[in-house]
Amino acid sequence: QKEVEQNSGPLSVPEGAIASLNCTYSDRGSQSFFWYRQYSGKSPELIMFIYSNGDKEDGRFTAQLNKASQYVSLLIRDSQPSDSATYLCAVIRYGQGNLIFGKGTKLSVKP
Amino acid sequence: DGGITQSPKYLFRKEGQNVTLSCEQNLNHDAMYWYRQDPGQGLRLIYYSQIVNDFQKGDIAEGYSVSREKKESFPLTVTSAQKNPTAFYLCASSISRGNRNQPQHFGDGTRLSIL
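Keep in mind the model is a prediction, meaning the values are calculated, not measured.

### Notes on the overall build of chain B
Here is step 1 of the chain: Along the backbone of chain B there are zero helices and 13 strands.
Here is step 2 of the chain: The order of α-helices and β-strands along chain B, N terminus first, is β-β-β-β-β-β-β-β-β-β-β-β-β.
Here is step 3 of the chain: Expressed along its principal axes, the backbone C-alpha trace of chain B runs to roughly 40 × 30 × 30 Å.
Here is step 4 of the chain: Out of the 115 residues in chain B, the part that is buried amounts to 48%.
Here is step 5 of the chain: Counting only carbon and sulfur atoms, one obtains 46% of the accessible surface of chain B, whose full area is about 5800 Å².
Here is step 6 of the chain: Side-chain charges of chain B comprise 13 positive and 11 negative groups, with the mean position of each set lying 3 Å from the other.

### Examining the nonpolar core
Here is step 1 of the chain: Core analysis: the largest hydrophobic core is formed by 24 residues, its most contacted members being Phe33(A), Trp35(A), Val72(A), Leu74(A), Ile76(A), Tyr87(A) and Leu107(A).
Here is step 2 of the chain: With sequence-adjacent residues up to four places away left out, Val72(A) is seen in contact with Leu21(A), Asn22(A), Cys23(A), Phe33(A), Trp35(A), Ile50(A), Gln64(A), Leu65(A) and Cys89(A).
Here is step 3 of the chain: Within the second largest apolar cluster, 20 residues are counted, among which are Leu76(B), Val78(B), Cys91(B) and Leu112(B).

### Structural notes on the sheet that holds strand β1 (residues 4-7) of chain B
All names here are of chain B.
Here is step 1 of the chain: Judged by pairing direction, the sheet is antiparallel, and its four strands sit side by side in the order β1-β3-β8-β7 without closing on themselves. Among the strands making up the open sheet, the edge pair consists of β1 and β7 (64-66). Strand-to-strand, the axes of this sheet are offset by a mean angle of 20°, without reference to chain direction.

### Points about the state of the cysteines
Here is step 1 of the chain: Taken as a whole and judged by the stated rule, the model has two disulfides over all chains.
Here is step 2 of the chain: A disulfide bridge connects Cys23(A) with Cys89(A), and the sulfur atoms are separated by 2.1 Å. Between Cys23(A) and Cys89(A) the sulfur-sulfur dihedral comes to about -75°; the bridge is accordingly left-handed. Of the two residues, Cys23(A) is situated in strand β3 (residues 19-25) and Cys89(A) in strand β9 (residues 85-93); the sequence distance between them amounts to 66 residues. In this pair, the class of Cys23(A) matches that of Cys89(A), namely buried.
Here is step 3 of the chain: Note that Cys23(B) is cross-linked by a disulfide to Cys91(B), the S-S spacing being 1.9 Å. For the disulfide bridge between Cys23(B) and Cys91(B), the dihedral angle about the S-S bond is near -75°, and by the sign convention the bridge is left-handed.

### As for the side chain of Gln6(A)
All names here are of chain A.
Here is step 1 of the chain: For Gln6, the location among the structural elements is in the loop between β1 (4-5) and β2 (11-14).
Here is step 2 of the chain: Of the polar contacts made by the side chain of Gln6, one reaches the backbone nitrogen of Cys89; its length is 3.0 Å.
Here is step 3 of the chain: Only 3.1 Å separates the side chain of Gln6 from the backbone nitrogen of Gly104, close enough to count as a polar contact.
Here is step 4 of the chain: Apart from residues no more than four positions distant in its own chain, Gln6 is found in contact with Asn22, Cys23, Trp35, Tyr87, Leu88, Cys89, Gly102, Lys103, Gly104 and Thr105.

Parameters at a glance
Residues numbered from 1 in each chain as written. Chains lettered and ligands numbered in written order. Predicted model: local features only at pLDDT ≥ 70, side-chain atom pairs only at ≥ 80, totals over all residues. Heavy atoms only, no water. Helix = DSSP H or I, 4+ residues; strand = E, 2+ residues; numbered from the N terminus. Buried < 20%, exposed > 50% of the residue type's maximum accessible area, 1.4 Å probe, protein only. Areas by Shrake-Rupley, 256 points an atom, 1.4 Å probe, with all protein chains shown as cover. Lys, Arg positive; Asp, Glu negative; His and termini not counted. Charge placed at Lys NZ, Arg CZ, Asp CG, Glu CD. Core = buried A, V, L, I, M, F, W, Y, C linked by side-chain atoms within 4.5 Å. Contact = heavy atoms within 4.5 Å. Pairing = 2+ DSSP bridges. Axes fitted to C-alpha atoms, helices over the stretch in contact; angles between N-to-C directions. Disulfide = S-S within 2.5 Å. Polar contact = N/O pair within 3.5 Å; in protein donor to acceptor, adjacent residues only side chain to side chain.

Below you can see the structure in the form of structure tokens.
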């Protein structure tokens, strides 16, 4: 089982809809959870991070964490064509500093 | 402006040649990291450093070497022992603050290809 798993997509949503991106992780010792957005040919850009169970909102983005189910998700409300990118989920285990990445989910927002 | 600068943007390596990728940050971050990304893949950790003069191997360190002589700088050398070096190389940095892992921020990356 891979440490961090994401559906590779592509996930296609119409403009204005809610995009839901999901990520599962295998290590229960994982402590910190991050979502990065990566446009084609560019480096990853931090979107959200979450440490505690529940929801964390920042503008159109909401990160949701459920440690019991080992599941973290990213919701994008009012999706825009400019949100079209690959979204990378990453986790850090307790006591370690390095990120473990999933392979990413490609999101396409259609006008 | 504060940030992470990687150079060069593009680099070509000849057979048997060592090449060095530069990474400099002026964010006063303690920790620095090197990742490799292959097409359609997630990022994989090559080396990381939490403090000056100390660094640790990541998951795919073979064929690579690093140094951390200054807080601001963490160069990566791709040696001739790395037989498949073609990839997108990303440098990142973060604050070290207790046991709460802080977000990592990335430079713009270096694309390395074989000639």
